[in-house]
Amino acid sequence: MRPKPPLAATFAGIVLVWSALLAPSSVHAQNALPTPDQLDQLLAPIALYPDALVAQICAASTDPQQILDASNWLHDNLTLTQQARTNATQAQGFDPAFIALVNFPQVLDMMAQNINDYAAIGQAFKVDQGKVMDSIQRLRQQAYAAGALQSNQYQTVDVQAQGNSQVVVIQPASPQVVFVPQYNPQVVYVQPTPAAVVAAPIITFGAGIALGAWIANASQPWGWGGWGWNWGRRTVIVNNNFWVVNNRYRPRHAFYRFRPPVYNRPIYVRPPNNWHDRPYYRPPPSRPPPPGARPPVSRPPFTPTSPGYRPPGNPRPEQRPPAVSRPAPGVRPGPPPRPSPYAGYPRGPGVDRSASGGRPSAFGGSNDAAAANAANSRGRASVASEQRQATQGRRR
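The structure displayed is predicted, hence computed values, not measured ones. Residue positions are given per chain, counting from 1 as you read along its sequence in written order. Residues qualify for local features only when their pLDDT is at least 70, as the model is predicted, and side-chain atom pairs are given and counted only at 80 or more; totals for whole chains, interfaces and linings, by contrast, use all residues. The side-chain values count all of the structure's non-hydrogen atoms but skip hydrogen atoms and water molecules.

Asks: I tried to follow the overall build of the protein on my own but got confused; where do I start?
Replies: The secondary structure content of the protein amounts to 13 helices and nine strands. The burial tally for the protein puts 32% of its 396 residues in the buried class. Note on contacts: a residue pair qualifies if any of its non-hydrogen atoms lie within 4.5 Å across the two residues. Pairs at least 24 apart in sequence give 69% of the contacts found in the protein among residues at least 6 apart. Per-residue accessibility takes into account occlusion by the displayed protein chains alone, with areas from the Shrake-Rupley method and a 1.4 Å probe. Entry remark: accessible area of the protein is about 26200 Å², with carbon and sulfur atoms responsible for 56%. For helices the rule is a DSSP run of H or I covering at least 4 residues; for strands it is a run of E covering at least 2, with both sets numbered from the N terminus onward. With a 1.4 Å probe rolled over the protein chains alone, any residue whose accessible area is under 20% of its type maximum counts as buried; one over 50% counts as exposed, and the rest are partly exposed.

Asks: Where do I start with the side chain of Arg-85 in this structure?
Replies: Relative to the helices and strands, Arg-85 resides in helix H5 (residues 82-92). In this structure Arg-85 is buried but unpaired, with Asp-76 as the nearest side chain of opposite charge at 12 Å. With sequence-adjacent residues up to four places away left out, Arg-85 is seen in contact with Trp-73, Leu-74, Asn-77, Leu-78, Leu-80, Val-102, Asn-103 and Pro-105. Here the positive residues are Lys and Arg and the negative ones are Asp and Glu; neither His nor the chain ends is included. A pair is scored as a salt bridge if a Lys or Arg side-chain nitrogen falls within 4 Å of a carboxyl oxygen belonging to Asp or Glu.

Asks: How should I be thinking about the environment of Ala-207 in this particular structure?
Replies: In this structure, Ala-207 sits in the loop between strand E5 (204-205) and strand E6 (209-210). C-alpha separation for the pair Ala-207 and Phe-179, spaced 28 residues apart in sequence, amounts to 6.6 Å.

Asks: Just to check I follow, could you spell out unusual backbone geometry for this structure?
Replies: What is expected of a backbone is that most residues other than glycine have negative phi and most peptide bonds are trans. Even without a glycine there, the phi angle at Arg-234 is positive, about 60°. On the secondary structure map, Arg-234 appears in the loop between strand E7 (227-230) and strand E8 (235-238).

Asks: I tried to follow the confidence of the model for the protein on my own but got confused; where do I start?
Replies: Caution is warranted with low-pLDDT regions, since their predicted coordinates should not be read in detail. On a range of 0 to 100, pLDDT expresses the predictor's confidence in each residue. The predicted model of the protein averages 75 in pLDDT, with 60% of residues at 70 or higher. Averaged pLDDT values over the elements of the protein bottom out at 44 in helix H1 (residues 7-31) and peak at 95 in helix H8 (residues 115-127). Between residues 7-30, whose pLDDT stays under 50, and residues either more than four places distant or in other chains, the model counts four contacts. Residue range residues 271-284 is modelled with pLDDT below 50. Its contacts to residues more than four positions away, or to other chains, number 17 contacts.

Asks: Looking at this structure, how should I read the pattern of salt bridges?
Replies: Any two side chains of opposite charge can pair, so long as their charged atoms come close to each other. Here the structure, examined in full by the defined rule, presents three salt bridges. With a closest N to O distance of 2.9 Å, Asp-40 and Arg-138 form a salt bridge. Of the two residues, Asp-40 is situated in helix H2 (residues 36-43) and Arg-138 in helix H9 (residues 129-145); the sequence distance between them amounts to 98 residues. Given a relative accessible area of 16%, Asp-40 falls into the buried group.

Asks: Looking at this structure, how should I read the sheet that holds E7?
Replies: For sheets, the rule is that strands pair by backbone hydrogen bonds, running either parallel or antiparallel. Two strands qualify as a pair provided that DSSP identifies no fewer than 2 bridges between them. Strand order in this open sheet of three strands is E7-E8-E9, and the pairing throughout is antiparallel. A strand with exactly one partner marks an edge of an open sheet, and here the two such strands are E7 and strand E9 (241-242). Of the pairings in the sheet, the one linking E7 to E8 comprises four bridges and is antiparallel in character. The partner of Gly-228 across the bridge, within E8, is Ile-237.

Asks: What should I look at first to understand the environment of Ile-46 in this one?
Replies: In this fold, Ile-46 is placed in the loop between H2 and helix H3 (51-60). Expressed as a C-alpha distance, the spacing of Ile-46 and Val-107, which sit 61 residues apart in the sequence, is 9.4 Å. With residues near it in sequence (within four places) discarded, Ile-46 still touches Val-54, Ile-57, Met-110, Tyr-118 and Tyr-183.

Asks: Quick question: what am I supposed to make of the environment of Ala-59 here?
Replies: Among the secondary structure elements, Ala-59 is positioned in helix H3. A relative accessible area of 3% places Ala-59 in the buried class. Between the alpha carbons of Ala-59 and Val-236 there is a distance of 8.6 Å; along the sequence they are 177 residues apart.

Asks: It is not clear to me how the packing of aromatic side chains should be interpreted in this structure. Could you clarify?
Replies: Geometry of an aromatic ring pair is reported as the spacing of the ring centres plus the angle between the planes. Centres within 6.5 Å are what make two rings of Phe, Tyr or Trp a pair, Trp counting through its six-membered ring; a difference in plane orientation under 30 degrees is then read as stacked, over 60 as edge-to-face, and the rest as tilted. Scanning all chains against the criterion turns up eight aromatic pairs. Ring geometry for Phe-94 versus Tyr-249: centroids 5.1 Å apart, planes at 20°, classification stacked. Of the two residues, Phe-94 sits in the loop between H5 and helix H6 (96-101) while Tyr-249 sits in the loop between E9 and helix H12 (353-356), which places them 155 residues apart along the sequence. Phe-94 sits in the buried class, given a relative accessible area of 8%. Pairwise contacts between aromatic rings join Phe-125, Trp-229, Trp-231 and Trp-243 into one cluster.

Have a look at this one:
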């Protein structure tokens, strides 16, 4: 008879079989990198940002959990000034790309709201930075050829020859202020038709982000001046060094789980920080009413002086419910009143209270002191007379 294997060995074998079955699918899900067309969809909302900002976003996308933690921390510390915010972020242990991005709260919030998209960008960026850079250049050249991407007072757009190709480089017009563009990705990369009339710029800009001395220099790994691209070598540059994935941040609670993004859907647009104050803003036009619609009726406002006005919560007297007498809290109700022993007897003439000043008795007479004494005297006299008559009768 063969000996039975121990329970621990049996459980270990089951775990080994399940891990062998599930490992290929999980590895395939993590290594399912987006195609070039899918990368264009993921990078379309940020491809026209300045070079340094795009580099910081791509580097930060390699750690999705840190994106969520940094965004939550930033929402709790928006009252801090830029320099104090940068110092506090260093104390939290965030990586250099996130220390730079806390000065762009709306960009970091956009990444957190679309975390699966940026997690997919980060996976592709870990494997092949050149593939992500090719997608960025494809989108920039499309926008440049369509006439939407141009130099202005906010940014400088330059076409340079790096390596064996022409690349589009975007830099802030002023090294002290960065303007983040706002645009519709479904419009900015499309060549307009000859009959189309462009009434306003397709790319607009909100309020600028001032770069102080603590963030503009390149002495720190998170300094704005140290980030860029080497388009010819197809890699990110940080302080004249090639950037490599080296995230040292350790989250307290790693709750993020990757989910593949949804492709071929309307691409989101980052809301600007001053949408109604942006240049060339026009309110939405008012639409005419449909044919046959009745004009709106103009009615005077209903004020306290208007006829029929009633204060809220105060119904009409005939609509009010009858008042119910209830004892006060903590007070026990007394016993019900007992019926009078004299009920049903006829009452005598009453006594005028105003004349005698006394109270009417239960028989209708007066209860003052004089009437009571007189009644008592008559009662005693009649009792004495009856006793005398009874004594005389016995003597006889």
